[in-house]
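# Fold and geometry: a report
Each chain, written out:
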Amino acid sequence: MSEKSASFKKGKGNVEHNNREEKIERDNIDKERSKNNITLVNIPIKDFYEQTFGQAVKDYNEKQTREDRKIGSYYDKISADSKKNLFYEIVIQIGDMHDTNCADNPEKEIALLEEYAKEFEIRNPTLKVFNAIIHMDEETPHLHLDYVPVAKNLTRGMSVQNSQTKALEQNINIVAAKKNFINEEKLKGKKSNPLIDKFFLEQERTHISKLMEKHLIKQKDKEEFKRGDLTVAQYKVAAK
């Protein structure tokens, strides 16, 4: 059984590119094979925002006495905020063009990516997926998974908001891990947890490693996963 690499990184978040709706010609895409791309989730983002935040917007507006404080479109509000992201993206690939080429229809790797996407919200119930697609029209199959962080039961502003930090802080898996590692006293007075995003990334990378074992794919160079500031040893301590 050959060893294969695992790539997990933050994507640029170009849904038009992911769904092959952009007009730009790209040399690395074989349009003849685009029909083989596997769409797992496809909800137009504006529809997703209305479904997810519409009631919270209505409830918030009903409490306002001034028209200028009311929110029209939450999608437009987040779009106009330079400090906010409409959504986040992660890209996962198993193997490379030499050992896992799309032309060879690598079934185990494709099944792994499908399973990862389908179980993502089970591990991360506060991160809601609105678009997920496996590209089969490039060299190696890879998954683009796009999600919106949804934090609930907030006391300031809308009760439901797009907030990566707050959504991760409400993720029971992340909370359980960080409690064993982070000195909470040092975090008092800070608006966000400087390590919580690292715990999320480490959780997902660890899960990919487990999926590779499940699908009988030997992973090479586990230590070369890009882990940011949180080392493997640190995460193991945190996850106990």
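Overview of the structure. The structure displayed is predicted, hence computed values, not measured ones.

## Here's the deal with helix H4 (residues 107-123)
Here H4 spans 24 Å end to end across 17 residues, near enough to the 24 Å set by a 1.5 Å rise per residue. Listing the buried residues of H4 in full gives Glu-109, Ile-110, Leu-112, Leu-113, Glu-115, Tyr-116, Ala-117, Phe-120 and Arg-123.

## A short note on the packing of aromatic side chains
One pass over the structure, following the stated rule, counts 12 aromatic pairs. On the numbers, 5.9 Å between centres and 40 degrees between planes, the contact of Phe-48 with Phe-130 is tilted. With Phe-48 in helix H2 (residues 45-62) and Phe-130 in strand E5 (residues 127-135), this residue pair connects regions lying 82 residues apart in the sequence. Phe-130 carries the same exposure label as Phe-48, and that label is buried. Grouped by ring-pair contacts, the aromatic residues Phe-48, Tyr-49, Phe-53, Tyr-74, Tyr-75, Phe-87 and Phe-130 constitute a single cluster. A cation sits over an aromatic face here: Arg-123 above Tyr-116, 4.8 Å from the ring centre.

## Some details on H2
The terminal C-alpha atoms of H2 lie 25 Å apart, and with 18 residues this matches the ideal 26 Å at 1.5 Å per residue to within 8%. Maximum bend of H2: about 55 degrees, positioned at Phe-53. Residues of H2 that are buried include every one of Ile-45, Phe-48, Tyr-49, Phe-53, Gly-54, Ala-56, Val-57, Tyr-60 and Asn-61, and no others. Looking at the buried side of H2, the elements it contacts are helix H3 (74-80), E5, strand E6 (142-151) and strand E7 (161-162).

## A few points about the environment of Phe-87
If you trace the backbone, Phe-87 turns up in the loop between H3 and strand E4 (88-94). Residue class for Phe-87 comes out buried when judged on its relative accessible area of 16%. Residues Phe-87 and Gly-13 lie 74 residues apart in sequence; the distance between their C-alpha atoms is 7.4 Å. Residues within four places of Phe-87 in sequence aside, it is in contact with Gly-13, Val-15, Ile-45, Phe-130, Asp-146, Tyr-147 and Val-148.

## Regarding the pattern of salt bridges
Per the counting criterion, the structure on display carries 11 salt bridges. The closest approach of N and O atoms between Asp-137 and Arg-20, which form a salt bridge, is 2.8 Å. Of this pair, Asp-137 sits in the loop between E5 and E6 while Arg-20 is found in the loop between helix H1 (15-18) and strand E3 (38-42), placing the two residues 117 residues apart along the sequence. Overall, Asp-137 belongs to the buried group, its relative accessible area being 0%.

Rules behind the numbers
- Residues numbered from 1 in each chain as written.
- Predicted model: local features only at pLDDT ≥ 70, side-chain atom pairs only at ≥ 80, totals over all residues.
- Heavy atoms only, no water.
- Helix = DSSP H or I, 4+ residues; strand = E, 2+ residues; numbered from the N terminus.
- Expected span 1.5 Å × (residues − 1).
- Buried < 20%, exposed > 50% of the residue type's maximum accessible area, 1.4 Å probe, protein only.
- Phe/Tyr/Trp six-rings, centres within 6.5 Å; stacked < 30°, edge-to-face > 60°.
- Lys NZ or Arg CZ within 6 Å of the ring centre and 35° of its normal.
- Bend = angle between axes of the 7 residues up to and from the residue.
- Contact = heavy atoms within 4.5 Å.
- Salt bridge = Lys/Arg side-chain N within 4 Å of Asp/Glu carboxyl O.

Keep in mind these numbers describe shape, not what the thing actually does.
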